[in-house]
Amino acid sequence: MHFLIWGFLVWLGATLIFRFFGHFFFNPENALLLLLSYLLVVPLIFLLTYPLYKLKGLKKDERLKAAIFIALPGMFIDTIVLVIFPEVFTNLPVESDRYFGSWLLWAYSLILITGLPLKKRERNDDK
């Protein structure tokens, strides 16, 4: 249950950041900042997941379940948010919705990837 709550809190934090500062990240006319938003989320996702997995002492199969539970709240809520994009993200031009949607898929994919085993040694240790 705490992974679902964590996922909701991560979603809420990201949504608030993009609601108030999204125009810096998802401006179609500024390719550099757009690219940076895709790149900077990689270490951020790892910082939001791996320490939690370690803190909870999760094994590889438990990490995958945790990653799914972290991603699910935001994925469900964003299906609605993207439909009402102009009302939620009033600071973003409507044409930036495709970049935002793409970024969301990227970020949720990264969360799910954190649940996968990284090293061959880990697979042998968990047997």
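In what follows, the structure referred to is the one given above.
This one's a predicted model, so the numbers in the text were calculated from it and none came from an experiment. (Residues numbered from 1 in each chain as written. Predicted model: local features only at pLDDT ≥ 70, side-chain atom pairs only at ≥ 80, totals over all residues. Heavy atoms only, no water.)

Some remarks on the overall build of the protein
Then step 1. Looking only at helices and strands, one finds six helices and zero strands in the protein.
Then step 2. The linear arrangement of helices and strands in the protein, starting from the amino end, is α-α-α-α-α-α.
Then step 3. C-alpha atoms of the protein, sized along the principal axes, occupy 50 × 30 × 20 Å.
Then step 4. A total of 127 residues make up the protein; the buried ones form 32% of that total. (Helix = DSSP H or I, 4+ residues; strand = E, 2+ residues; numbered from the N terminus. Buried < 20%, exposed > 50% of the residue type's maximum accessible area, 1.4 Å probe, protein only.)

Some thoughts on the packing of aromatic side chains
Then step 1. Here the structure, examined in full by the defined rule, presents 12 aromatic pairs.
Then step 2. For the ring pair Phe85 and Phe89, a centre distance of 5.3 Å and an interplane angle of 40° mean the geometry is tilted. Phe89 carries the same exposure label as Phe85, and that label is buried.
Then step 3. Among the aromatic residues, ring-to-ring pairing joins Phe18, Phe25, Phe26, Phe85, Phe89, Phe100 and Trp103 into one connected group. (Phe/Tyr/Trp six-rings, centres within 6.5 Å; stacked < 30°, edge-to-face > 60°.)

A closer look at the layout of surface pockets
The gaps of empty space that remain are located by a probe, the size of a water molecule, rolled over the atoms.
Then step 1. The calculated volume of the largest pocket comes to roughly 450 Å³.
Then step 2. Ala14, Phe18, Val41, Leu44 and Trp103 are the residues nearest the centre of the largest pocket, which is lined by 26 residues in total.
Then step 3. At the level of elements, α1 (2–25), α2 (31–56), α3 (60–83) and α5 (97–113) are the ones that each hand at least two residues to the lining of the largest pocket.
Then step 4. Broken down by element, the lining of the largest pocket gets its largest block of residues, 10 residues, from α1. (1 Å grid on protein atoms, 1.4 Å probe; cavity = no way out; pocket = protein on both sides within 12 Å on 5 of 7 lines; lining within 4 Å. Points joined across faces, edges and corners; volume = space filled by probe spheres on them.)

Brief notes about the packing of α3 against α5
Then step 1. Contact pair α3 / α5: the axes reach a minimum separation of 8 Å and the direction vectors enclose 165°. By the angle between their axes, α3 is roughly antiparallel relative to α5. The handedness of the crossing between α3 and α5 is left-handed. Counting all contacts with α3, which are made through Leu64, Ala67, Ile68, Ile70, Ala71, Gly74, Met75, Asp78 and Leu82, the residues of α5 involved are Phe100, Gly101, Leu104, Tyr108, Ile111 and Leu112.
Then step 2. In terms of residue class, the contact of α3 with α5 is built from 12 nonpolar, two polar and one charged. (Axes fitted to C-alpha atoms, helices over the stretch in contact; angles between N-to-C directions. Parallel < 35°, antiparallel > 145°, perpendicular 65-115°, else oblique. Left-handed = near helix turned anticlockwise from the far one by under 90°. Contact = heavy atoms within 4.5 Å. Nonpolar A, V, L, I, M, F, W, Y, C, P; charged D, E, K, R; others polar.)

Some details on α2
Then step 1. Given a rise of 1.5 Å per residue, 26 residues ought to cover 38 Å, and the 39 Å separating the end C-alpha atoms of α2 matches this to within 8%.
Then step 2. When the local axis directions of α2 are compared, the greatest deviation, roughly 25°, occurs at Val41, which is followed within four positions by the proline Pro43.
Then step 3. Restricting attention to buried positions, one finds in α2 the residues Leu34, Ser37, Tyr38, Val41, Ile45, Thr49, Leu52 and Tyr53.
Then step 4. Residues of α2 that are buried sit in contact with α1, α3 and α5.
Then step 5. Of the residues flanking the end of α2, it is Gly57, one or two places downstream, whose phi is positive at about 65°. (Expected span 1.5 Å × (residues − 1). Bend = angle between axes of the 7 residues up to and from the residue.)

Regarding the environment of Leu44
Then step 1. By secondary structure assignment, the location of Leu44 is in helix α2.
Then step 2. Taking the C-alpha atoms as reference, Leu44 lies 9.9 Å from Leu110; in sequence the two are 66 residues apart.

What to know about the nonpolar core
Side chains of nonpolar character tend, in soluble globular proteins, to be buried together.
Then step 1. Within the largest apolar cluster, 27 residues are counted, with the highest numbers of intra-cluster contacts made by Phe26, Phe89, Phe100 and Trp103.
Then step 2. Mapped onto this core, the elements with two or more residues apiece are α1, α2, α3, α4 (85–88) and α5.
Then step 3. It is α5 that provides the largest number of residues to this core, a total of seven residues.
Then step 4. The contacts of Phe100, once residues within four sequence positions are left out, are Phe18, Phe26, Leu82, Phe85 and Phe89. (Core = buried A, V, L, I, M, F, W, Y, C linked by side-chain atoms within 4.5 Å.)

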